[in-house]
Amino acid sequence: MTFPITRLRRLRYNSILRNLVSETTLTTNDLVMPLFVCPGENVKNPISSMPGNYQFSIDLLVEKCKKIIATGVKSILLFGIPEEKDETGDVACSLDSIVQKAIIAIKKEISDIFIIADVCNCEYTTHGHCGTIIDNDVDNDSTIETLARQSVTLAQAGADVVAPSDMMDGRVQAIRRALDENGYEKLPIMAYSAKYASGFYGPFREAAESAPKFGNRNTYQMNPANSDEAMREIELDIQEGADIVMVKPALSYLDIIYRAKAEFNIPVAAYNVSGEFSMVKAAGEKDWIDQQRVMMEILLSIKRAGADIIITYHAVEAAEILNQQN
Ligand code: PBG
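Residues numbered from 1 in each chain as written. Predicted model: local features only at pLDDT ≥ 70, side-chain atom pairs only at ≥ 80, totals over all residues. Heavy atoms only, no water.

K.L.:
How would you explain the packing of helix H2 (residues 58-70) against helix H3 (residues 98-109) if you had to name every residue and give the values?
P.N.:
If you want to describe how two helices pack, look at the angle between their axes and the distance between the axes. Two elements in contact, H2 and H3, have axes separated by 10 Å at closest approach and are oriented at 50°. Taken together, the axis directions place H2 and H3 in an arrangement best described as oblique. By crossing handedness, the relation of H2 to H3 is classed as right-handed. Note on element contacts: H3 touches H2 through Ile-98, Lys-101, Ala-102, Ala-105, Ile-106 and Glu-109, opposite Ile-58, Leu-61, Val-62, Cys-65 and Lys-66. (Axes fitted to C-alpha atoms, helices over the stretch in contact; angles between N-to-C directions. Helix = DSSP H or I, 4+ residues; strand = E, 2+ residues; numbered from the N terminus. Parallel < 35°, antiparallel > 145°, perpendicular 65-115°, else oblique. Left-handed = near helix turned anticlockwise from the far one by under 90°. Contact = heavy atoms within 4.5 Å.)

K.L.:
Tell me about unusual backbone geometry, and please be specific about residues and values.
P.N.:
A cis geometry characterises the amide bond from Phe-3 onward to Pro-4, with omega recorded as 10°. By the secondary structure assignment, Pro-4 is in the segment before helix H1 (15-20). Look at the link from Lys-248 to Pro-249: it is a cis peptide, with omega at -10°. Topologically, Pro-249 is positioned in the loop between strand S10 (244-248) and helix H8 (254-263). The residue Asn-136 is not glycine, and still its phi comes out positive at about 65°. Mapped onto the fold, Asn-136 is located in the loop between strand S6 (133-134) and strand S7 (137-138). On the basis of relative accessibility, which here comes to 66%, the residue Asn-136 falls in the exposed class. Positive phi outside glycine occurs at Met-167, with the angle close to 65°. (Buried < 20%, exposed > 50% of the residue type's maximum accessible area, 1.4 Å probe, protein only.)

K.L.:
Please provide a residue-by-residue account of the pattern of salt bridges, values included.
P.N.:
Going through the model one piece at a time under the given rule, you end up with 14 salt bridges. When the shortest N-O distance is used, the salt bridge between Lys-66 and Glu-109 registers 2.9 Å. Here Lys-66 is found in helix H2, whereas its partner Glu-109 is found in helix H3, with 43 residues between them in sequence. By relative accessible area, Lys-66 is classed as partly exposed at 34%. Between Asp-308 and Lys-261 there is a salt bridge whose closest N-O contact spans 2.9 Å. Of this pair, Asp-308 sits in the loop between helix H10 (291-305) and strand S12 (309-312) while Lys-261 sits in helix H8, and the two are 47 residues apart along the sequence. In this structure Lys-261 comes out as partly exposed when scored by relative accessible area, which is 31%. Through salt bridges with shared partners, one network takes in Glu-63, Lys-66 and Glu-109. (Salt bridge = Lys/Arg side-chain N within 4 Å of Asp/Glu carboxyl O.)

K.L.:
Any chance you could break down helix H5 (residues 171-181) for me, citing the residues and the numbers?
P.N.:
An α-helical turn contains 3.6 residues, so any two residues separated by three or four positions project in the same direction. By the burial criterion, the buried members of H5 are Arg-171, Val-172, Ala-174, Ile-175, Arg-176, Ala-178 and Leu-179. In the core, the buried residues of H5 are packed alongside strand S5 (114-119), helix H4 (140-157), strand S8 (161-164), strand S9 (190-195) and helix H7 (228-240). Phi for Gly-183, located one or two positions after H5, is positive at around 85°.

K.L.:
Let's hear about the site of the ligand: which residues, and what values?
P.N.:
For the ligand, the set of nearby residues contains 18 residues, the closest of which are Lys-195, Arg-205, Lys-248, Ser-274 and Tyr-313. Lys-248 places a polar side-chain atom, nitrogen or oxygen, 3.2 Å from a nitrogen atom of the ligand. One of the side-chain nitrogen or oxygen atoms of Ser-274 is found 2.7 Å away from an oxygen atom of the ligand. Notes on the ligand: free accessible area 400 Å², of which the protein chains cover 100%. Here the residues of the shell around the ligand are counted per class, giving ten nonpolar, three polar and five charged. (Near = heavy atom within 4 Å. Polar contact = N/O pair within 3.5 Å; in protein donor to acceptor, adjacent residues only side chain to side chain. Areas by Shrake-Rupley, 256 points an atom, 1.4 Å probe, with all protein chains shown as cover. Nonpolar A, V, L, I, M, F, W, Y, C, P; charged D, E, K, R; others polar.)

K.L.:
So what's going on with the pairing of S10? Residues and values would help.
P.N.:
Counting buried residues in S10 gives five out of five residues, a clear majority hidden from the surface. Side chains Ile-244, Met-246 and Lys-248 project from S10 onto one buried face, and the interleaved Val-245 and Val-247 project onto a second face that is buried too. In this sheet, S10 lies alongside S9 in parallel orientation, the contact comprising four bridges. Within the sheet, the bridge partner assigned to Lys-195 lies in S10 and is Lys-248. The handedness of the S10 to strand S11 (residues 268-272) crossover, carried by H8, is right-handed. (Pairing = 2+ DSSP bridges. Right-handed = clockwise from strand over helix to strand, strands pointing away.)

K.L.:
Residue-level account of the nonpolar core, with values.
P.N.:
Counting residues in each nonpolar core, the largest one holds 84 residues, and the members touching the most others are Leu-61, Ile-76, Leu-78, Ile-103, Ile-106 and Ile-257. With seven residues, the top contributor of residues to this core is H4. Dropping the residues within four chain positions of it, Ile-76 is found in contact with Val-32, Met-33, Leu-35, Cys-65, Ile-68, Ile-106, Ile-113, Phe-114, Ile-115 and Ile-116. Counting 27 residues, the second-largest nonpolar core is a separate cluster that includes Cys-38, Ile-116, Met-246 and Ile-309. (Core = buried A, V, L, I, M, F, W, Y, C linked by side-chain atoms within 4.5 Å.)

Structure representation (structure tokens):
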């Protein structure tokens, strides 16, 4: 049937009808808020390239989490800035490490929060790379051993999910094995499966103080040119025991999210990363775009592409808008 019998605009005149036929709905259940925890007490360091985001000491982080929960966002993703760094990231492998201590403190005060712990070494190594350097290369097999130990201590602290973001080969298998051997067979792994070597991580590296001191991450993170390779990464992570797979960044990789959802029967997370967030903030501050409107459109597009979970620095602001709509 074609025009004039068919008029697609008929479904657009009434706002209630528009909602009735809406194909995609964003809710606070979809959102995860990333947070940065640093040493000290009563510390709230603004992250200049990410307006509205801070490095919090544990005491203030707990208060922040209470406010987040009150908006309906139920889950956070934690990154740590340690007191001291070392060559291998071993500083992140004990219950006294910054993120582990933060998890213990949050769980003590807040019962209904879901904590995803990022597993990586770049915040903890003096050189800023995601693993141990041997012969000028990030050594794969010794790094996954450290990551497995880091994961077990995060589980002991009370993390609800561990999320390896390092892009070493075989890390999901190593982490699954270590968790199971230590009695954490019920703890899910959210793997950063298709993580690209991206310019969009710039602001995060200020936030987490994790920029590589030499070279770049091109030998472990993926080439932005590749899509089939992302499917191979995802397939391997699923075989190794990933429960949720992630595509990162989100906005320039909506095609990867779409393919991941279409090709695999597994929950897909998308990370709307720091640079994506900061661009919206910067253009909004200049009044070049309607910041809130663009933010909601971006989050909806990530959901429409196929993401079940959206990790975003916009989580709280988006939740506040979603709450007003209901
Ligand atoms: C650690 C890690 C990074 C991000 C999340 N985990 C940075 C990187 O790979 O350099 C980026 C998140 C963001 O930009 O918001 N490996």
